[in-house]
Amino acid sequence: MAARAEKVTFVWKGMNKKGDQVNGETDALNENLAKAELRRQGINPTRVKKKPKPLFATKKKITGKDISIFSRQLSTMMSAGVPLVQSFDIIGKGHENPAMQDLLMDVKNNIESGNSLADSLARHPRQFDDLYVNLVNSGEQSGALETLLDEIATYKEKTESMKAKIKKAITYPAAVIAIAFIVSTILLVKVVPTFQELFQGFGADLPAFTQMVVNLSEIFQKWWWMFFGAVGVTIFTLIRAHQSSLKFRRNFDRLLLKLPIIGVIIRKSAIARFARTLATMFAAGVPLVEAMGSVAGATGNAVYSDATLRMRDDVATGMQLQQTMRNTGVFPNMVTQMVAIGEESGSLDAMLAKVADFHEEEVDNMVDNLSSLLEPMIMAILGVLIGGLVIAMYLPIFKMGSVI
């Protein structure tokens, strides 16, 4: 099949039937078609040219929030009766992110070429994962696409909200630690050497604490490049290993779950994502065994991902879901009991949704409590670190009287 030509935006000036000067923009495959469209509207074009691209235009990365907002917009438009292709056209042209515009226009063009929405979305796996595509496909097959799009939008909103809460718990302490590191570096490189020159004329031994800081400053000034290089290489190596090594990722995620407070938040977050994803897919009519594969990738933790895949294999042999969950040993008894009740009553999706709601609220409360706990703790550490350096520099000055 020949490649489909894409429309280009043209800016134009002309005169309408009343003889007034008018201008605007129009989309067309080429300049001649743009002029023809203007004449059809009763406008005599005097100037038509391609709309120039901004000199410093940069495409922002497409984030999960972009996909979440798009999902809600598409759900709203489909529910209002707006045709699918027109919905993509409206959402795409109104989006502020050029990268998102290009993505939606590509999906729209594929739909116009005769492909299904699910197949068109599957061409962009980085933005639309298997879970998203499977839910859309279920909606198209069952004729309930509008309902499924609303479910998808709700799911994406809750997922992004959960991610934002986890980032909130990490961002503040990380930012404060980074500032403390920068301030300490400035003190060691710029301030301490100045005081050191002053101390050399005292004619007395420096206090042990001050001498330790001076020695540390000398080492840092001489080997700063090695220190920063080691930190950079370590961070880069950890990131690459987490991305490329499944064994490392499993061990790292297992270690995270054992951390105090943070580990509990990550565990509850993984359970919430597991329950929310499985509830959404089960309510959409996706078979349980097929759904488990997508659920595994949505948990966000290798320990729970592996557990979900083992559960999928056990469910495929005829074992009940609640029994497979007990066998993994990573789900609390309350969760397995809720799932057992759901299986017996035929309301598994509703029970899973309640499990997700409960754990999402738990994560929310724990993040708020963690932030309240960390603030005074971090300020105390920051005060000891920076204050210690300042005190070390002023100790010799306090002892100047004894030297004189």
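In the block above lies the structure referred to throughout.
Reading guide: rules and limits
- Residues numbered from 1 in each chain as written.
- Predicted model: local features only at pLDDT ≥ 70, side-chain atom pairs only at ≥ 80, totals over all residues.
- Heavy atoms only, no water.
- Core = buried A, V, L, I, M, F, W, Y, C linked by side-chain atoms within 4.5 Å.
- Buried < 20%, exposed > 50% of the residue type's maximum accessible area, 1.4 Å probe, protein only.
- Helix = DSSP H or I, 4+ residues; strand = E, 2+ residues; numbered from the N terminus.
- Contact = heavy atoms within 4.5 Å.
- Salt bridge = Lys/Arg side-chain N within 4 Å of Asp/Glu carboxyl O.
- Axes fitted to C-alpha atoms, helices over the stretch in contact; angles between N-to-C directions.
- Parallel < 35°, antiparallel > 145°, perpendicular 65-115°, else oblique.
- Left-handed = near helix turned anticlockwise from the far one by under 90°.
- Pairing = 2+ DSSP bridges.
- Nonpolar A, V, L, I, M, F, W, Y, C, P; charged D, E, K, R; others polar.
- Polar contact = N/O pair within 3.5 Å; in protein donor to acceptor, adjacent residues only side chain to side chain.
- Phe/Tyr/Trp six-rings, centres within 6.5 Å; stacked < 30°, edge-to-face > 60°.

### Details of the nonpolar core
- Counting 60 residues, the largest nonpolar core has Phe70, Phe88, Leu117, Leu278, Leu321 and Phe331 as its most contacted members.
- Counting residues per element, this core draws most heavily on helix H10 (residues 262-283), which supplies eight residues.
- Excluding residues within four positions of it along the chain, Phe70 makes contact with Phe88, Ile91, Met100, Leu104, Phe128 and Tyr132.

### Observations concerning the pattern of salt bridges
- Inspection of every chain in the model, using the stated rule, returns 12 salt bridges.
- Where Arg72 meets Asp150, a salt bridge forms, and the shortest distance between an N and an O atom there is 2.8 Å. Residue Arg72 is located in helix H2 (residues 64-79), and its partner Asp150 is located in helix H7 (residues 145-199); the two are separated by 78 residues in the primary sequence.
- As a salt-bridge pair, Glu360 and Arg276 come within 3.0 Å of each other at their nearest N and O atoms. On the criterion of sequence distance, the pair formed by Glu360 in helix H15 (residues 348-398) and Arg276 in helix H10 is long-range, its members being 84 residues apart.
- Judged by relative accessible area, which is 11%, Glu360 ranks as buried.
- Accessibility expressed as a relative area gives 10% for Arg276, which makes it buried.
- Connected through salt bridges with shared partners, the residues Arg72, Asp150 and Glu157 form a single ionic network.

### A look at the packing of helix H12 (residues 302-316) against helix H13 (residues 321-328)
- With their axes 9 Å apart at the nearest point, H12 and H13 run at an angle of 140° to one another. Comparing the axis directions of H12 and H13 gives the class oblique. Here H12 runs over H13; the crossing is right-handed. Where H12 approaches H13, its residues Ala307, Arg310, Met311, Asp314 and Val315 are matched on the opposing element by Leu321, Thr324, Met325 and Thr328.

### Things to note about the sheet that holds strand E1 (residues 8-15)
- Across the sheet, which stays open at both edges, the three strands sit in the order E2-E1-E3 with antiparallel pairing between neighbours. The sheet terminates laterally at strand E2 (21-28) and strand E3 (44-50), the two strands that pair on one side only. Ignoring which end each strand starts from, the neighbouring axes of this sheet average 25° apart.
- Pairing of E1 with E3, which is carried by six bridges, proceeds in the antiparallel orientation. Looking across to E3, one finds that Phe10 is bridged to Lys50.
- Contacts between helix H1 (residues 31-40) and the sheet are confined to E1, E2 and E3, with E3 contributing the most and set at about 145° to the helix.

### Notes on the packing of H10 against H15
- Where H10 meets H15, the axes come as close as 8 Å, and the angle between the chain directions of the two elements is 155°. Considered as vectors, H10 and H15 are oriented roughly antiparallel to each other. Along this stretch, H10 crosses H15, giving a crossing that reads as left-handed.
- Tallied by class, residues from the contact of H10 with H15 come to 19 nonpolar, two polar and six charged.

### Some words on the side chain of Lys268
- Mapped onto the fold, Lys268 is located in helix H10.
- Within the structure, the side chain of Lys268 is placed 3.1 Å from the side chain of Glu362, a separation counted as a polar contact.
- Excluding anything up to four places from it in sequence, Lys268 contacts His359, Glu362, Val363 and Met366.

### Some thoughts on the packing of aromatic side chains
- Tallied over the entire structure, the rule returns 12 aromatic pairs.
- Relative to Phe88, the ring of Phe70 has its centre 5.5 Å away and its plane inclined at 50°; by these criteria the two rings are tilted. With Phe70 in helix H2 and Phe88 in helix H3 (residues 84-94), the pair connects residues that are 18 residues apart, well separated along the chain.
- On the basis of relative accessibility, which here comes to 0%, the residue Phe70 falls in the buried class.
- For Phe88, a relative accessible area of 0% corresponds to the buried category.
- Relative to Tyr132, the ring of Phe128 lies with its centre 5.0 Å away and its plane at 65°, an arrangement referred to as edge-to-face.
- Owing to a relative accessible area of 1%, Phe128 belongs among the buried residues under this scheme.
- Exposure remark for Tyr132: the relative accessible area of 3% places this residue in the buried category.
- By the ring-pair criterion, three or more aromatic residues cluster together here, those being Phe70, Phe88, Phe128 and Tyr132.

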